[in-house]
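Chain and residue survey
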Amino acid sequence: MVNNATSVKAFWLSFLISGAAVPLGPISATAQIQDTSTPEVALEASAVPEANPDAALAAGKIEIPPLAAIAAAETNSAVDPALPDTDAAWVNRALPETNIATVDRALPQTDAAVDPALPETSAAVDPALPDTDAEWVHPALPQTDIATVDRTTTAPEITEAIRELPPQELEIANSPQSQQVAEASKVADISSETGTADDLSIQEDAAQVTSVSQLSDVRPTDWAFQALQSLVERYGCIAGYPDGTFRGNRAMTRYEFAAGLNACLDQITKQLGGSTGNLVQREDLLALQRLQEEFAAELATLRGRVDALEARTAELEANQFSTTTKLNAFAWFNLTGAFASKRVRVEATNGNAAPLDRVAGRDPVTNRPIVQRVDDDPEITFSQLVWLTLTTSFTGKDELITQLAVGNGNSPANQYTSTGLFNTFGTPFLDQTAGVNPNEVTLRELSYRFPLSNSLQVVVGPRINFYRYFDNNRFNFFVDGVSSFDSNNSPLLSATKRGAGALVLWDIGRPLKLRFGYLGESTEFLPNSVFNSASNPSQGLFGGTNTTTAELTFSPSDRANLRFLYSRSNIQQIGGLIGSPNSMPLTGVADDGFGGRLGNATANTYSFNFDWLVTRRFGLFGRYGYAETNIFPKTNRPDGTIKNQSYQLGLAFPDLFKEGALLTVSFVVPFDFTGGRRFLVSGGGNGGTQYDIEATYYLPLTDHISIVPAFYAIGNANNFDNNPTIFVGNLRTQFSF
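Quick look at the structure, then. Predicted model, so just to flag it, every value in this text is computed and none were measured.

Next up on the list: the overall build of the protein chain. Scanning the protein chain from N- to C-terminus turns up nine helices and 28 strands. In the protein chain, which comprises 737 residues, the share counted as buried stands at 53%. Taking as baseline every contact in the protein chain between residues at least 6 positions apart, the subset at least 24 positions apart corresponds to 72%. Counting only carbon and sulfur atoms, one obtains 56% of the accessible surface of the protein chain, whose full area is about 31400 Å².

Below, the structure written as C-alpha cells:
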C-alpha cells in the first residue's frame, strides 16, 4: 500500500473504537407510538404530532451498493499462503514486514501486539462480541498495523426486542406529550448490551458536520483526529450528537458499525457516480469490499427491518382509525358484596327505600332528624363500566378530549347510607352507573386544551373534568391505587366534578405548578331538569352552582409532591335544601335547623395533599381538608355556618410480589362535622365520627389486563357511634386498550 493506507486504517479504526454515528432515527420513528387515554383522577392523554412515515422510511432505507470485483493482481495486497485457514490477511507491500502482525488461532487473544506505551483505551475491542473478529490497531503504532484473529466463531446472534408500550391511560400528566398517530402499540428496538438507540447519534435530530472542528470534544492531539478529519471532510459520513460532541470513547456494537459502514458506502457510491469519483482511492475500495463482505449479515438484517417497517406502515395507513384522533378505552367488571353484623341506622324518613329515593326529614315533636334502620344485608352484585376516550390533536401540541361512558353499577354499600351519602363510604369508585340511568351512554367529558407558550396552557370546554387537573396524588389514582370514592379524592371536593368553563395551567418552574379555573355545573350523572345549571338559560354559566379553584403544586424532588388548594363554591338550593350530590364540601342535607327552606349557599374549602415515594418499594400519602359552608335561610332564622373536616393517611408498597403491582392501605375520616351540626337534617348522625379503613391490591396480569381486589371496613357509619361496622369486598377486573 501507499501512504494513504494510514487514512484507510484510521477510517475504520474510528468506527470500531469511537462509535461513529449515522442518523437512522427515521427507521424506528416510523413505528413508534404511545398509548394513552383519559379516566378520572387526572390521567392525561398526550398530544398527537404530525408524522411522515414515507419520509422516515426513505431516510432510513439501506441499499448496499455493488462494488466491482477488484482483481488481486491489480491491487497491492497479498495473502500469506503460510497462514492457516483464516480470514484473508491483507498486507501493504510498501510497508516493512514488521508492520504486519498475524495471530494464530491457537493462541489466546492476548498475544495480539499492542503498543504498551499507549493507554488501554487506545485499542478498543468490544467485550460483548464473541472472539473479536478483527482487532484494528492505529497505524502509528510501531509493531503492528493489522492483526487478524481466528474467525471460526459464529457471528453474533441477531436479536430484535419488541416491547409493548404500557397504556399510560388517562389523565395523570397535565402537559401534552407528543405521540404518533398510528394505531400500533409496539415499537421495534435493536437489542444491545452496550447501548440503546438513544445513546447513539442515529436519530432524526443528529447533527451532520462538515468539519471536524464542529465536534467540541475532538482535539487535534487526539490519536484518531486525522481519521475523523478524513471521514468528515472526504466522505461526509460522520454525524455528531445534537449537542455538538462526538463521544469517541463510547463503545459500539456490530449493528452500529454496520450502520456506519452503510452510510459511507452510500457516500462512496455517490462519488463514483459523480464528478468526484477520482477522490475514491483503490485502497479504500479494497477495504470497503472486505468490510462489506464481513458485515453482510448485519447489513441484510438492517435492510430486512426497514422492509418490515415499510410493510407495517402501509398496513397502518390502510387501517388506521384516524390521522388526528387516538382511541383508548377502559372496561371494568365489578363483583361487590357488603354486610353488617346487625341493623344499620340511617337518617331518612323511608329507610327501606332505594338509596336514591330516601328523603330526609325532622321529627315534628323533637325537631331531630328522623332515624330508621336497614334490616337486611344487600345481595352480591356483578356490574360493568366502560369509558371510551377520543384524543384529537390538530397541531401536535393541542388536544380535544371526548370521553363517553356507560355503566350499570350500584354498590351494595349504598344500602347502608343516610340521605345524601349515596356513593360515599365503602363504595368502589368504579362501581357506578356513569349516566343518569343504567346502561345509558353519556358524554362524560368534552374539553379542548391548547398552549399559549411553552409553560402556559388554556383549557376550555362545556364539560371539563375537574379531577383531571386538580387534587391529584401518586397513590390515590383509582386505576392502580386506592379505590373508593372517599379515598380517591378529597370528600370535600368538588361541587362541580365536571363543569363548563376554562382553566389556566402554568408550569412556573421545575418544582412549581399553578392551576386556576372556573367551572359551572355540568355533570353527566345528574338530570338536566334539576341540576347542570351551566346549560340552563334561567341560571347560566355564572348562576346556579359553580366553583373557582386554585392549586399550587410544589415538587421538591421526583419522589415527593405537596399540593395546596383553595376552592370557592356557590351552591344552588334544590327544593329549599342544600345537599348532596352537588353541595360539596357539605356531605348530607341541610335546612335552617327547623325544617325551613334555604336559599343558595356559599362555601370555602382549603385542602392539602401529599405523596412521597420514600424508597422504591415504600411510599406515604395523605391529605387534609377543612371547609365552611354558609347557609342563608328563607325564613326568619339567622344565617349559619356548617364546618367540617376530612383527613387521610396511607401507606403504599409498589412492586409488591410482582413488578408493576401496588398495595395501598388507607385510613380516612371522610366528613367530620366540627360546627353547625344542628343545621343537618341528614349526615350528622348522633355526633360520632365515621372512619373508613381500606386495603387495595393492584395486580397486573398483562400490559392490558389487571385484577384488583379491595376490602373496606366502615366504622361509625353515617356518623352514628353506635352503628355496627360495615364490611365491603370488591373484586375488579380491569381491561385497557
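Moving on, there is more to tell.
Another aspect to go through is the pattern of salt bridges. Enumeration over the complete set of coordinates arrives at 13 salt bridges. A salt bridge links E294 to R290; the nearest nitrogen and oxygen atoms lie 3.8 Å apart. Of the two residues, E294 and R290 both sit in helix α6 (residues 282-294), four residues apart, roughly one turn of that helix. On the basis of relative accessible area, E294 is assigned to the buried category, the value being 15%. Here R563 and D611 are joined by a salt bridge, their closest N and O atoms 2.8 Å apart. Here the residue R563 occupies a position in strand β18 (residues 560-571), and D611 occupies one in strand β21 (residues 601-615), the gap between them amounting to 48 residues.

Given a rise of 1.5 Å per residue, 13 residues ought to cover 18 Å, and the 19 Å separating the end C-alpha atoms of α6 matches this to within 8%. With ten of 13 residues buried, α6 lies mostly within the body of the structure. Along α6, the residues classified as buried are E283, D284, L285, A287, L288, Q289, R290, L291, Q292 and E294.

What follows concerns the nonpolar core. Side chains that are nonpolar tend, in soluble globular proteins, to be buried together. Core analysis: the biggest nonpolar cluster contains 27 residues, and V212, L215, V218, C237, I238, F246 and L261 have the highest contact counts within it. For this core, the elements supplying multiple residues, two or more each, are α4 (225-235), α5 (254-273), α6 and α7 (296-319). Counting residues per element, this core draws most heavily on α5, at eight residues. The contacts of V218, once residues within four sequence positions are left out, are V212, F225, L228 and F246.

A cis amide bond links L493 with the next residue in sequence, S494, at an omega value of -5°. Residue position: S494 is located in the loop between α9 (485-488) and β15 (498-509). Positive phi is not limited to glycine here, since N423 has a value of about 55°. You can see N423 is positioned in the loop between β12 (399-407) and β13 (442-451). Phi is positive for D471, which is not a glycine, with a value near 60°.

Its place among the elements puts S666 in strand β24 (residues 662-675). Overall, S666 belongs to the buried group, its relative accessible area being 2%. Of the polar contacts made by the side chain of S666, one reaches the side chain of Q648; its length is 2.9 Å. When near neighbours in sequence (up to four residues on either side) are disregarded, S666 contacts V482, S487, F621, Q648, L649, G650, D692, I693 and E694.

Taken together, the side chains of F321, L327, L388, L404, V441, L443 and F737 make up a nonpolar region of the molecular surface, amounting to roughly 610 Å² of accessible area. Relative to the helices and strands, V441 is located in the loop between β12 and β13.

The strand order β19-β20-β25 describes an open sheet built from three strands, whose pairing is antiparallel. The sheet is open, and its two edges are formed by β19 (578-579) and β25 (680-682), each paired on a single side.

Here we take up the pairing of strand β27 (residues 705-715). When strand β26 (residues 691-700) meets β27, the two strands line up antiparallel, connected through eight bridges. Residue I693 lies in a different strand from β27, and its bridge partner there is A713. With antiparallel pairing between neighbouring strands as the criterion, β26 and β27 make up a hairpin whose turn holds four residues. Sheet topology note: the β27/strand β28 (residues 726-736) ladder contains ten bridges and is antiparallel. Its bridge partner lying in β28, S706 is registered against Q734.

We now examine the pairing of strand β23 (residues 640-654). Relative to β23, strand β22 (residues 618-631) runs antiparallel, the two sharing 13 bridges. Within β23, the residue paired with I631 across the bridge is G640. With eleven bridges connecting them, β23 and β24 associate as antiparallel partners. Paired with Y647 across the strands is V669, a residue of β24.

Here the focus is the environment of T402. The residue T402 is located in strand β12 in this model. Each residue touching T402, except ones within four places of it in the same chain, is listed here: L388, T389, L390, L443, E445 and L446.

So, about the packing of aromatic side chains. Taken as a whole, this structure holds 22 aromatic pairs when the rule is applied. Between F466 and Y467, the aromatic rings sit 5.2 Å apart at their centres with planes inclined by 85°, giving edge-to-face as the arrangement. On the basis of an interplanar angle of 20° and a centroid distance of 6.3 Å, the ring pair of F608 and F610 is categorised as stacked. Among the aromatic side chains, those forming a connected cluster through ring pairs are F330, W332, W387, F429, F477, F478 and F485. It is R444 that lies over the ring of W387; its NZ or CZ is 3.9 Å from the centre. Directly above the aromatic system of F594 lies the positively charged group of R637, at a separation of 3.7 Å from the ring centroid.

Before going further, it helps to spend a moment on the packing of α6 against α7. To describe two helices that pack against each other, one gives the angle between their axes and the distance between the axes. Following both chains from N to C, one finds α6 and α7 inclined at 65°, their axes separated by 4 Å at the closest point. Considering the angle they form, α6 stands roughly perpendicular to α7. Facing α6, whose interface residues are Q292, E293 and E294, α7 presents A296, E298 and L299. The residue makeup of the contact of α6 with α7, split by class, is two nonpolar, one polar and three charged.

Moving on, we come to the side chain of N532. The topology assignment puts N532 in the loop between β16 (512-521) and β17 (546-557). Of note is the side chain of N532, whose polar atom sits 2.5 Å from the backbone nitrogen of T523.

The next thing to look at is the environment of P638. Residue position: P638 is located in the loop between β22 and β23. On a C-alpha basis, the gap between P638 and G593 in space is 10.0 Å, while along the polypeptide they are 45 residues apart.

Here is what the cut-offs are and how they apply
- Residues numbered from 1 in each chain as written.
- Predicted model: local features only at pLDDT ≥ 70, side-chain atom pairs only at ≥ 80, totals over all residues.
- Heavy atoms only, no water.
- Helix = DSSP H or I, 4+ residues; strand = E, 2+ residues; numbered from the N terminus.
- Buried < 20%, exposed > 50% of the residue type's maximum accessible area, 1.4 Å probe, protein only.
- Contact = heavy atoms within 4.5 Å.
- Areas by Shrake-Rupley, 256 points an atom, 1.4 Å probe, with all protein chains shown as cover.
- Salt bridge = Lys/Arg side-chain N within 4 Å of Asp/Glu carboxyl O.
- Expected span 1.5 Å × (residues − 1).
- Core = buried A, V, L, I, M, F, W, Y, C linked by side-chain atoms within 4.5 Å.
- Polar contact = N/O pair within 3.5 Å; in protein donor to acceptor, adjacent residues only side chain to side chain.
- Patch = residues over 30% accessible without salt bridge, like charges linked within 9 Å, V, L, I, M, F, W, Y side chains within 5 Å.
- Pairing = 2+ DSSP bridges.
- Phe/Tyr/Trp six-rings, centres within 6.5 Å; stacked < 30°, edge-to-face > 60°.
- Lys NZ or Arg CZ within 6 Å of the ring centre and 35° of its normal.
- Axes fitted to C-alpha atoms, helices over the stretch in contact; angles between N-to-C directions.
- Parallel < 35°, antiparallel > 145°, perpendicular 65-115°, else oblique.
- Nonpolar A, V, L, I, M, F, W, Y, C, P; charged D, E, K, R; others polar.

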